[in-house]
Amino acid sequence: MQTYLEQAFGKSDCSSVKMRGAVREWMDLYYGASRSGEDGSARLAVLIVSKLCRTVFAEYDVHRDKHDDWAQECYMDALNKVAKTAMQYALVGGECLLKMVDDHFVPIRRDCYLPLGRDDRGNLTSVGMMQTLYENGKKYVLLERRTDMEDNTLIENRLFEVNGQALGRRVPLDTLTACKMLSDEEFLPNVPCMGLAVLRMPTVNCVDGSADPVSIYAPAVGLMHALARCEDQLNHEFLNGASRVFASEDLLRPDAAGARGLRDDLFVGLPDDPANVGVTVYSPTLREGSYLARKQDILRSCESLLGLRRGILSETNAETQPRTATEIAAASVDYDLTIRSLQKAWEDCAGDALFICSCLDRAYHKDDWWPTELRIDWGDGVLYDRSRVWAEQQQMVASGLLRPEIALAWYYDLPAETEADLQAVREKYMPAAKGGEKHE
């Protein structure tokens, strides 16, 4: 069945059928829509995404520069407000779009837009988006298609009055107050990437081998379903392990509601001879140990497959912890590289978003500004220890091997390329050098 966007613009989703099914599967795993025979209450996808997102932005900070344009600061503040939401959307669906609306960014997750075209590198060349609107008791859908035309952007808008499950009839854009400022077609010169910043996961496509991005937990989807089945089996184990009372058929009598049970007058005593006992209590032995062991094995496999540190998902003990220095270092390196790749993805997305905003300002408001280089501080990584490096630099300064203003510039993340930069550091952090002392 064609979607509203496909019906309105006469274009179909460029992703393969297998890829579309994978996107639905990622969303179901994250939002807890379980399959038959599975218990999705563990919500492993939510755990993976939340752990990674918190780690990525644990010490996130953007350094301001006196040369930054006022507009860049405003747009960067708007980006910071949606950073975690956008990262979570991208971790779940593999890709998230950031659309500039007025003075704020709107993150659009993977199942809320339709990719209509991609180039050989997987970059979007055409995309369709939909917004549902209500006015005077009627339901409308605003359909928007954006197309990249050699670093220019073409925007097409269509407004439809929905009729039941059908797309309904097309109505003029000025039918709704919210759409009066829009036009059927709008051409934005020198606005690249369709005016949309894209946060894309660095994971290689493991679904159909195409250039489409995939969820961060796509390689472990099979294991996550296995865990859901294990949880369902464990629930049945406890359900079947409940104590049972076995009674002969002639002892059961229906009550007024039709439910059969034992009469109270039966419980007056038991004869001494066990052979004459009419009621027997049965309590089977539970096998939860084997299920829990299997659960931990699945979680450890997920950690290895996704490049997570041991113990983030599973329980750790002496037997499952890495036992050699090489194993410990390898586990830490894998996790460090995973976090660094996600941080790099956000840096690229933020830089692209600021550049697109400057292009949009020139197209709409004739404001001429260019973004300066972003200086994002991610803090200490999994392997990187800033205090150790600072101690080493202090020793080099004490030995006369490093100029103190260079060390201070590194510590406070300040520029130190020119003599003017070093002089600014001396004036701010070295009172004794304010007179302009030179350091050889």
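The preceding data block contains the structure.
As the structure is a computational prediction, the values presented were derived from the model and not from experiment. Per chain, the residues get numbers from 1 upward, laid out in the order the sequence is written. Residue-level local features of this predicted model are given only where pLDDT is at least 70; pairs of side-chain atoms are given and counted only at 80 or more, and the full residue set underlies all totals for whole chains, interfaces and linings. Excluded from the side-chain calculation are hydrogens and water; included are all heavy atoms of the structure.

K.L.:
Could you clarify how one ought to interpret the pattern of salt bridges in this entry?
P.N.:
Once their charged atoms are close, side chains differing in charge can pair, the charge on each being opposite to the other. Any Lys or Arg side-chain nitrogen located within 4 Å of an Asp or Glu carboxyl oxygen qualifies as a salt bridge. All told, the structure shown has 22 salt bridges when counted by the stated rule. The residue E95 makes a salt bridge to R200 at a minimum N-O spacing of 3.9 Å. Highlighted residues: E95 in strand 2 (residues 95–101) and R200 in strand 10 (residues 196–200), separated in sequence by 105 residues. Burial classification: accessible surface area is computed with a 1.4 Å probe over protein chains only, and a residue below 20% of its type maximum counts as buried, one above 50% as exposed, and the rest as partly exposed. By relative accessible area, which is 25% here, R200 ends up partly exposed. Through salt bridges with shared partners, a single ionic network connects E95, R118, R200 and D212. Only DSSP runs of H or I reaching four residues or more are called helices, and only runs of E reaching two or more are called strands; each is numbered from the N terminus.

K.L.:
Would you explain the sheet that holds strand 2 in this entry?
P.N.:
Through backbone hydrogen bonds, the strands of a sheet pair up, either in parallel or in antiparallel fashion. Taken in spatial order, the 3 strands of this open sheet run 3-2-10, and their pairing is antiparallel. At either end of the open sheet lies a strand with only one pairing partner, and these are strand 3 (104–108) and strand 10. Across the sheet, the axes of successive neighbouring strands diverge by a mean angle of 25°, strand direction being ignored. We call two strands paired when DSSP finds no fewer than two bridges between them. In terms of strand pairing, strand 2 meets strand 3 through 5 bridges, oriented antiparallel. Following the sheet pairing, L97 is matched in strand 3 by I108. Note on method: axes are straight lines fitted to C-alpha atoms, helices fitted across the in-contact stretch only, with angles between N-to-C directions ranging 0 to 180 degrees.

K.L.:
Would you mind going over the pairing of strand 5 (residues 124–135) with me for this structure?
P.N.:
The two faces of the sheet receive side chains in turn, since in a regular strand these alternate between them. Direction of pairing for strand 4 (residues 113–118) relative to strand 5: antiparallel, over a ladder of 5 bridges. Looking at strand 5, one finds that Y113 is bridged to M129. Where strand 4 folds back on strand 5, the antiparallel hairpin that results is connected by 5 residues, among which G122 adopts a positive phi of roughly 90°. Sheet topology note: the strand 5/strand 6 (residues 138–148) ladder contains 10 bridges and is antiparallel. The residue of strand 6 that forms the bridge with M129 is E144. Where strand 5 folds back onto strand 6 in an antiparallel hairpin, the turn is made up of 2 residues, including N136, whose phi is positive at roughly 55°.

K.L.:
Just checking my understanding: could you explain the pairing of strand 7 (residues 153–163) for this structure?
P.N.:
For strand 7, the buried fraction is high: 10 of the 11 residues fall into the buried class. With 9 bridges joining them, strand 6 and strand 7 adopt antiparallel strand pairing. Paired with R145 across the bridge in strand 7 is E156. Joining the antiparallel neighbours strand 6 and strand 7 is a turn of 4 residues, in which E150 adopts a positive phi near 55°. Here strand 7 runs beside strand 8 (residues 166–171); their pairing, made up of 4 bridges, is antiparallel. Across the sheet, the residue bridging to N163 is A166, located in strand 8.

K.L.:
Sorry, what's going on with the packing of aromatic side chains here?
P.N.:
Geometrically, a pair of aromatic rings is defined through the distance of the ring centres and the angle of the planes. Any pair of Phe, Tyr and Trp rings, taking the six-membered ring for Trp, is counted once the centres come within 6.5 Å. Such a pair is stacked with planes under 30 degrees apart, edge-to-face with planes over 60 apart, and tilted for the rest. Per the stated rule, a full pass over the model turns up 12 aromatic pairs. Centroid distance W390 to W410: 6.3 Å. Interplanar angle 10°. Geometry classified as stacked. Residue W390 is located in helix 8 (residues 386–398), and its partner W410 is located in helix 9 (residues 404–411); the two are separated by 20 residues in the primary sequence. Take W410: its relative accessible area is 29%, and that puts it in the partly exposed class. The interplanar angle of 50° and the centroid separation of 6.5 Å between the aromatic rings of W410 and Y411 together place this pair among those described as tilted. Under the relative-accessibility criterion, Y411 is labelled partly exposed at 35%. Within the aromatic cluster, the residues linked to one another by ring pairs are W390, W410, Y411, Y412 and Y429. The residue whose ring lies beneath R362 is W370, and the NZ or CZ to ring-centre distance is 3.6 Å. Charge-over-ring placement is defined geometrically: NZ (Lys) or CZ (Arg) within 6 Å of the ring centre, and within 35 degrees of the ring normal.

K.L.:
Help me out: how do you make sense of the packing of helix 3 (residues 44–56) against helix 4 (residues 70–93) in this one?
P.N.:
What describes two packed helices is the angle between their axes and the distance between those same axes. For the pair helix 3 and helix 4, the least separation of the axes is 10 Å and the interaxial angle reads 140°. The angle between helix 3 and helix 4 falls in the class oblique. By crossing handedness, the relation of helix 3 to helix 4 is classed as right-handed. Note on element contacts: helix 4 touches helix 3 through K84, M87, Q88, L91 and V92, opposite V49, L52, C53 and V56. Each angle receives one of four descriptions, namely roughly parallel if under 35 degrees, roughly antiparallel if over 145, roughly perpendicular if within 65 to 115, and oblique otherwise. Left-handed describes a crossing whose near helix is turned anticlockwise from the far helix through less than a right angle; right-handed describes the clockwise counterpart. Any pair of residues with heavy atoms lying within 4.5 Å of one another is described as a contacting pair.

K.L.:
Looking at this model, I keep getting lost on the environment of L176. Mind explaining?
P.N.:
Within the secondary structure, L176 sits in the loop between strand 8 and strand 9 (185–188). A residue is classified by how much of its surface remains accessible, and L176, at 2% relative accessible area, is buried. Considering only alpha carbons, one finds L176 and Y134, 42 residues apart in sequence, at a separation of 8.8 Å. In contact with L176, other than residues within four places in its own chain, are L133, E135, Y140 and L159.

K.L.:
How do you make sense of the packing of helix 9 against helix 10 (residues 419–429) when you look at a structure like this?
P.N.:
Running from N to C, helix 9 and helix 10 point in directions that differ by 85°, and their axes come no closer than 9 Å. One finds that helix 9 runs roughly perpendicular with respect to helix 10. Counting all contacts with helix 9, which are made through E405, I406, L408 and A409, the residues of helix 10 involved are L422, V425, R426 and Y429. By the convention adopted, Pro, Cys, Tyr, Trp, Phe, Met, Ile, Leu, Val and Ala count as nonpolar, Lys, Arg, Asp and Glu as charged, and the other residues, Gly among them, as polar. Per-class residue counts for the contact of helix 9 with helix 10 are 6 nonpolar, no polar and 2 charged.

In short, the description is geometric, and any link to function would need to be established separately.
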